[in-house]
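# Per-entry structural report
The primary structure of each chain is shown beneath.
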Amino acid sequence: MNPSPLDAKLDALVGGKTATALAKAFGMKTVGDLVGHFPRRYAKRGELTAVADVPLDENVSIVAEVLDVRSRPMRAKRGSILEVRLTDGSGGTITLTFFNQAWRERDLAPGSRGIFAGKVSRYRGTLQLAHPDYELFDDNDTGTDADSGIDMDAEAWAKKPLPLYAATSTFSSWQMAKTIALVLPTLGDLADPLEGVLSDAERTERDLLPFAEALRLVHQPAEDRDWQRARDTLRFIEALVLQAALLERRAEARSHRATPRPAKLDGMLARFDAALPFSLTGDQQLVGAEIAHDIAADVPMSRLVQGEVGSGKTLVALRAMLQVADTGGQAVLLAPTEVLAAQHLRSVERVLGAELCTLLAPTLITGQLPVAQKRAALLRAAAGQAHIVIGTHALLQDNVQFFDLGLVVIDEQHRFGVEQRHLLHAKAENVPHTLVLTATPIPRTVAMTAFGDLDVSVIRELPAGRAGITSHCVALAEHPGWMSRVWERVAEELALGRQAFVVCPAIDAATLEEDDGDTGRLSSAEGAYRNAESGFDTSTSLTTQPAGASTSLTTQPADSEDAPKRLSAVTEVLEQLRALPVLAGRRIEALHGRLSSDEKDSIMRAFADGAIDVVVATTVIEVGVDVPNASTMVVLDADRFGVSQLHQLRGRVGRGGVPGLALFVTDAEPDTVARQRVEAVAATTDGFELARIDLELRAEGDVLGARQSGGRSGLRLLRVTRDGDLIAEVRDVAAGILADDPGFVAHPALREAMARRLDESERAFLDKN
């Protein structure tokens, strides 16, 4: 096929300066990258955006009218502040604030309309756009449409859809629209990925446009119907391309051979089951049977087990590890923190009993083990003596080898990237079976599940005897006096002979908890939230920081004259609690990632034995920690944590016969995304419902790459929460094509679209996954 106009380099068409800015802000290199940056929403020049609907703490682009302008001197230093009030025409107002830019008063005359962009905040009860930017409409330009050159009357001009794009502080929505308008005329005829996929009758029935026309109309619609039809077409094409790629890679992966690990009637698994002092739940039995069937085959298992916190996922995984051990193989359990890895080892040893422990030699490998102890553990793994190996990121190091690795279990998989899982797979002679566990699926995993890359098992049933958990959002923004009541409730629980956790986002005044001191970075990127389904243009500037980057421990109001707010830190809260009269005499200790392995293990053992009443901790206790007598979980600055983290933290209490109490303390204002996140977790303990909410509250993770959440999503128009039916329909279409035309030789335009859509890193991801 001839080179596609979509593969042309941007600098030749838009100039080197603009091309560099697009590459830096969005990673765009080609025309296809640019025209594939679809509008986030559509506004109209004659319709103002309702100010009451703008989300707090989000970067937005709105259509508004200047109401009035006033300038005042700064209080604390020399200079002026220009305040511009915008109106939505129905009583709602929002303020733009400019520092030392008095000249803008001439530009922003009352009555002027335009697109205004910035981050929404609330200052002294008033909505404002921080770091604002704008483009005013030219009232003298209503005779000709700037996009198409077609003469338009004033009414048509006012009603014409105005595309608003995801933007950054350095490249605005209106700059994006103008740049795309430059390249659209160069596209000409484009190969259509749906050519040969659907008949003319099927395309007509679905109202799908030709590919080139859909690209033009999504960016330059004359009426709402244009962009709606264009989006429907492009959404179908996106689903088809991704489904075809995933199914092709899935077929390729299943062509590899795994070592079968059939169950033995008189093996260690059978002995373990016979000695269990309780019965498995129905869901545990069903999921266990599915896994047993998978690992007995010579096709590599790739299965996700979704289960509520405390539903017994780890027990199901242990039974699979025993089935592998019955064949002489080894199983690895990869845990996100040293605290959890050590607890897993103790739990496994306790439930196996002395005889099976002697045969299986469960072994711990973490980054902070003493040298002699670590050397002995490495030798046991390499010689095959250790049939169960439990560890953290340290397992990924080159010096960790296995004699016969047959199963990889990833516990709380949202804490690990695809690259890390691949490193473990590379340590096996044949592709090992893989089992991933999650209590609250994060967006990328839910997306991959919806796209059919993993087989899925579900454990909803909880073991008998759980007393349940009561959750509350402690809203200090409206009720600052409630904080004292939080500590009174903790004291009341302690008086009943119970124990409590208090969780902070920071270790001290200068350090956020990023990892637990082990090899590798454990941050789950939970903070990179934005409302992907919002009706507003949201900036792509919300990204996770690279390892080693400094992290601000303060939150700054929009007016730079105000003082920042400090985050709760373990070291400070520890001293505060020890000084509280209501907690006098209580044994209160700290637990965080800067402690040594021995210190962390000692504190957790003492807490589990009842020798400590309250542990003030960071998220090192987020997953898996099991202290049945712990009844209370207090999370300070709860809005700084993600849905999954809050749900996991809550799951540390109410694990035995003691009722659980979770108090999520937040200063977040009502109606902000951060506050919605906390309230959502407080409202339900259903992990599956929270997974749905999680998808709606933040960007879906990159379906095609290792990014877990935030940043530029791999999904452009598709949304897993909305387009499940379409994905299922298109999956069947793609499966039919792959069955008849495995190499897509008869579908060259689709093959070309797949190649364009998947860059080298994304192809490598699919290969590894």
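This text goes with the structure placed above it.
These lines cover the structure that appears in this document, whether it is placed above or below. As the structure is a computational prediction, the values presented were derived from the model and not from experiment. (Residues numbered from 1 in each chain as written. Predicted model: local features only at pLDDT ≥ 70, side-chain atom pairs only at ≥ 80, totals over all residues. Heavy atoms only, no water.)

### A word on the overall build of the protein chain
- Scanning the protein chain from N- to C-terminus turns up 25 helices and 24 strands.
- When the 769 residues of the protein chain are sorted by exposure, 56% land in the buried category.
- Here the contacts in the protein chain between residues at least 6 apart in sequence split such that 74% fall between residues at least 24 apart.
- In the form shown here, the protein chain has an accessible surface area of approximately 31,300 Å², with 51% of it arising from carbon and sulfur atoms. (Helix = DSSP H or I, 4+ residues; strand = E, 2+ residues; numbered from the N terminus. Buried < 20%, exposed > 50% of the residue type's maximum accessible area, 1.4 Å probe, protein only. Contact = heavy atoms within 4.5 Å. Areas by Shrake-Rupley, 256 points an atom, 1.4 Å probe, with all protein chains shown as cover.)

### Focus on the pattern of salt bridges
- Within this structure, the stated rule accounts for 33 salt bridges.
- Across the pair E729 and R206 runs a salt bridge, and its minimum N-O distance is 2.5 Å. Taken together, the residues span a long stretch of sequence, with E729 in helix α23 (residues 724-740) and R206 in helix α7 (residues 200-206) at a distance of 523 residues.
- Between E355 and R271 there is a salt bridge; the shortest N-O distance is 2.5 Å. Of this pair, E355 sits in helix α13 (residues 338-360) while R271 sits in helix α10 (residues 268-275); the two residues are 84 residues apart in sequence, bridging distant segments of the chain.
- For R271, a relative accessible area of 34% puts it in the partly exposed group.
- Through salt bridges with shared partners, one network takes in R485, E488, R489, E492, E493 and R498. (Salt bridge = Lys/Arg side-chain N within 4 Å of Asp/Glu carboxyl O.)

### Quick look at the environment of A728
- Structurally, A728 is set in helix α23.
- By relative accessible area, which is 40% here, A728 ends up partly exposed.
- Distance from A728 to Q243, taken between C-alpha atoms, is 9.4 Å for residues 485 residues apart in sequence.

### Concerning the sheet that holds strand β2 (residues 59-73)
- The mixed closed barrel is built from five strands, whose spatial order is β2-β3-β4-β6-β5. Across the sheet, the mean angle from the axis of one strand to that of its neighbour is 50°, orientation sign disregarded.
- Against the sheet, helix α6 (residues 173-183) touches β2, β5 (113-123) and β6 (126-136), its axis set at about 25° to β6. (Pairing = 2+ DSSP bridges. Axes fitted to C-alpha atoms, helices over the stretch in contact; angles between N-to-C directions.)

### A look at the nonpolar core
- By size, the foremost hydrophobic cluster in this structure holds 59 residues, and its most contacted members are M176, L215 and L240.
- Within the residue set of this core, elements represented by two or more residues are α2 (16-26), α3 (31-35), α6, α8 (211-219), α9 (224-254), α23 and α24 (748-757).
- It is α9 that provides the largest number of residues to this core, a total of twelve residues.
- Setting aside its immediate chain neighbours within four residues, M176 contacts L22, F26, M28, L34, H37, Y165 and F171.
- The next biggest cluster of nonpolar side chains, apart from the first, holds 39 residues, and it includes M301, V305, I390 and L435. (Core = buried A, V, L, I, M, F, W, Y, C linked by side-chain atoms within 4.5 Å.)

### Structural notes on unusual backbone geometry
- Even without being glycine, R124 reaches a positive phi, approximately 55°.
- By secondary structure assignment, the location of R124 is in the loop between β5 and β6.
- Backbone geometry places D637, a non-glycine residue, at a positive phi of 50°.
- Its location among the elements puts D637 in the loop between β23 (630-635) and α20 (643-650).

### Focus on the pairing of strand β13 (residues 433-438)
- For β13, a buried count of six out of six residues is recorded, marking the element as mostly surrounded by other parts of the structure.
- Of the two faces of β13, the one holding H433, L435 and L437 and the one holding T434, V436 and T438 are both buried throughout.
- Here strand β8 (residues 302-307) runs beside β13; their pairing, made up of five bridges, is parallel. Counterpart to Q306 in the pairing with β13 is T438.
- Taken together, the four bridges between strand β12 (residues 405-410) and β13 define a ladder with parallel strand orientation. Paired with V408 across the two strands is T434, which belongs to β13.

### Description of the sheet that holds strand β10 (residues 363-365)
- Across the sheet, which stays open at both edges, the seven strands sit in the order β10-β11-β9-β12-β13-β8-β14 with parallel pairing between neighbours. Looking along the sheet, the strands with just one partner apiece sit at the ends: β10 and β14 (455-459). Neighbour-to-neighbour, the strand axes of the sheet open up by a mean angle of 20°, direction not taken into account.
- Helix α12 (residues 313-325) rests against β8, β9 (330-334), β11 (388-391), β12, β13 and β14 of the sheet, and its axis sits at about 175° to β12.

### Notes on the packing of helix α11 (residues 282-295) against α12
- Where α11 contacts α12, the two axes come as close as 10 Å, and the packing angle between them is 30°. As the angle between them shows, α11 and α12 are arranged roughly parallel. Both α11 and α12 take part in a crossing whose hand is right-handed. On α12, the residues touching Q284, V287, G288, I291, A292 and I295 of α11 are L315, V316, R319, A320, Q323 and V324.
- When the residues that make up the contact of α11 with α12 are grouped by side-chain class, the tally is eight nonpolar, three polar and one charged. (Parallel < 35°, antiparallel > 145°, perpendicular 65-115°, else oblique. Left-handed = near helix turned anticlockwise from the far one by under 90°. Nonpolar A, V, L, I, M, F, W, Y, C, P; charged D, E, K, R; others polar.)

### Quick look at the pairing of β6
- Bridge analysis of strand β4 (residues 93-99) against β6 gives two bridges, and the strand direction is parallel. For L96, the partnering residue across the bridge sits in β6 and is L129.
- Sheet analysis places β5 next to β6, joined by nine bridges and oriented antiparallel. Of the residues in β6, the one forming a bridge with Y123 is T126.

### Overview of the packing of α9 against α23
- For the pair α9 and α23, the least separation of the axes is 8 Å and the interaxial angle reads 55°. Classed by the angle they form, the pair α9 and α23 counts as oblique. For the element pair α9 and α23, the recorded crossing hand is right-handed. Listed contacts from α23 to R235, F236, A239, L240, Q243, A244, L247, E248 and R250 of α9 are L726, I727, E729, V730, R731, V733, A734, A735, I737 and L738.

### A few points about the packing of aromatic side chains
- Under the defined criterion, the tally for this structure stands at five aromatic pairs.
- Taking the centre distance of 6.2 Å and the plane angle of 80° together, the rings of F98 and Y134 count as edge-to-face. A residue pair is termed long-range when its members are at least 10 positions apart, and F98 in strand β4 and Y134 in strand β6 qualify at 36 residues.
- Note on Y134: relative accessible area 9%, which makes it buried.
- An aromatic cluster is built from F98, F116 and Y134, whose rings are joined through pairwise contacts. (Phe/Tyr/Trp six-rings, centres within 6.5 Å; stacked < 30°, edge-to-face > 60°.)

### Points about the side chain of H387
- Structurally, H387 is set in the loop between α14 (371-383) and β11.
- There is a polar contact of 3.0 Å between the side chain of H387 and the backbone oxygen of G329.
- Those residues in contact with H387 that sit more than four places away from it in its chain are A325, G328, G329, Q330, A331, L359, L360 and A361. (Polar contact = N/O pair within 3.5 Å; in protein donor to acceptor, adjacent residues only side chain to side chain.)

### Focus: helix α21 (residues 673-683)
- Extensive coverage of α21 is indicated by the burial of eight of its eleven residues.
- Every buried residue of α21 is listed here: V673, A674, R675, R677, V678, A680, V681 and A682.

### Thoughts on the environment of V120
- Relative to the helices and strands, V120 is located in strand β5.
- Taking C-alpha positions, V120 is 5.6 Å from E58, a pair spaced 62 residues apart along the chain.

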